[in-house]
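Breakdown of the fold
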Amino acid sequence: MGIRAVRLDELPVLQDIEKAAGQCFRDIGMPEIAEDEPPALGELARYQRAGLAWVVTDGADAPVAYLIADRVDGNLHVEQVSVHPDSARRGLGRSLLDHAAARARSEGAPALTLTTFTRVPWNAPYYARCGFRLMDDSSLTPGLRRIREREAAHGLDRWPRACMRRAL
């Protein structure tokens, strides 16, 4: 399996991966997250055009996992990383995070950041195993504060969430 930039014609596949990956939230009592719509094609295209969208592909070069990122306050911010359940538990998410970290280092960014659910095993505990550390509210940058405000407006604060940072 390799990592490469996502192609424009693959954006609907990213939506399918997101929908499939989201279903596991239903099993832990978060059906609203499972039913949440994936990013719109136009939004995904923005990441693709910026060169901040990557996929892991299978042997047939079909995407099975993806990561999209933004530049936020000098860091590379992981907006979304999703792995299709049929390809889960193979290190694909970690590989994408490492790829994003290498890109961030090459741009001189000091860290990767992300926001996540703190009590979902494949969220904050997983990211901690990947080298991310929880940030307290007093250390949030203005851009991270805006992201958290948008998440709260979207209703994501029904469940505990936090920002995390991985120093590079």
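Heads up: the structure comes first, above all this text.
Residues numbered from 1 in each chain as written. Predicted model: local features only at pLDDT ≥ 70, side-chain atom pairs only at ≥ 80, totals over all residues. Heavy atoms only, no water.

This part covers the side chain of Arg-161. With respect to the element layout, Arg-161 can be found in strand β7 (residues 161-167). Exposure remark for Arg-161: the relative accessible area of 16% places this residue in the buried category. One polar contact links Arg-161 to Thr-115, side chain to side chain, over a distance of 3.1 Å. A distance of 3.0 Å separates the side chain of Arg-161 from the side chain of Glu-151, its partner in a polar contact. Beyond its immediate chain neighbours, meaning those up to four positions away, Arg-161 contacts Thr-115, Thr-116, Phe-117, Thr-118, Arg-148, Glu-151 and Leu-156. (Helix = DSSP H or I, 4+ residues; strand = E, 2+ residues; numbered from the N terminus. Buried < 20%, exposed > 50% of the residue type's maximum accessible area, 1.4 Å probe, protein only. Polar contact = N/O pair within 3.5 Å; in protein donor to acceptor, adjacent residues only side chain to side chain. Contact = heavy atoms within 4.5 Å.)

Going through the model one piece at a time under the given rule, you end up with 14 salt bridges. Glu-10 is the partner of Arg-7 in a salt bridge, and the nearest nitrogen-oxygen pair spans 3.0 Å. The exposure class of Arg-7 is partly exposed, given its relative accessible area of 38%. The salt bridge involving Arg-166 is made with Asp-98; its shortest N-O contact spans 2.9 Å. With Arg-166 in strand β7 and Asp-98 in helix α4 (residues 92-106), this residue pair connects regions lying 68 residues apart in the sequence. Overall, the relative accessible area of 14% leaves Arg-166 in the buried class. Each of Arg-4, Arg-7, Asp-9, Glu-10 and Asp-61 takes part in one network of salt bridges that share partners. (Salt bridge = Lys/Arg side-chain N within 4 Å of Asp/Glu carboxyl O.)

Turning to the state of the cysteines, a few remarks are in order. Taken as a whole, this structure holds zero disulfides when the rule is applied. Between Cys-130, a cysteine without a disulfide, and Cys-24, which holds the nearest cysteine sulfur, the sulfur-to-sulfur distance is 15 Å. No disulfide involves Cys-163; its sulfur sits 17 Å from the nearest other cysteine sulfur, which is in Cys-130. (Disulfide = S-S within 2.5 Å.)

All right, on to the packing of aromatic side chains then. This model, assessed by the stated rule, comprises five aromatic pairs. Every member of this aromatic cluster is reached through a ring pair, and the members are Phe-25, Phe-117, Trp-122 and Trp-159. It is Arg-46 that lies over the ring of Tyr-47; its NZ or CZ is 4.4 Å from the centre. The ring centre of Phe-117 lies 4.4 Å from the NZ or CZ of Arg-161, which sits over that ring. (Phe/Tyr/Trp six-rings, centres within 6.5 Å; stacked < 30°, edge-to-face > 60°. Lys NZ or Arg CZ within 6 Å of the ring centre and 35° of its normal.)

So, on to the nonpolar core. Counting residues in hydrophobic clusters, the biggest one holds 26 residues, and the most contacted among them are Leu-67, Leu-97, Tyr-127 and Phe-132. Secondary structure elements with two or more residues in this core: β2 (53-57), β3 (63-72), β4 (75-83), α4, β5 (111-117) and α5 (124-129). No other element matches the six residues that α4 contributes to this core. Residues contacting Phe-132, with those up to four places away along its chain left out, are Leu-97, Leu-112, Thr-113, Leu-114, Tyr-127, Met-164, Arg-165 and Arg-166. (Core = buried A, V, L, I, M, F, W, Y, C linked by side-chain atoms within 4.5 Å.)

Moving on: the environment of Leu-76. Relative to the assigned elements, Leu-76 resides in strand β4. Classification of Leu-76 as buried rests on a relative accessible area of 1%. When near neighbours in sequence (up to four residues on either side) are disregarded, Leu-76 contacts Leu-52, Ala-69, Asp-70, Arg-71, Ala-100, Arg-103, Ala-104, Ala-109, Ala-111, Leu-112 and Thr-113.

Glancing now at the environment of Arg-4. Structurally, Arg-4 is set in strand β1 (residues 2-5). When its relative accessible area of 19% is taken as the criterion, Arg-4 is described as buried. Setting aside residues up to four positions removed in sequence, Arg-4 forms contacts with Glu-10, Ala-53, Trp-54, Val-55, Thr-57 and Asp-61. Within the structure, the side chain of Arg-4 is placed 2.5 Å from the side chain of Glu-10, a separation counted as a polar contact.

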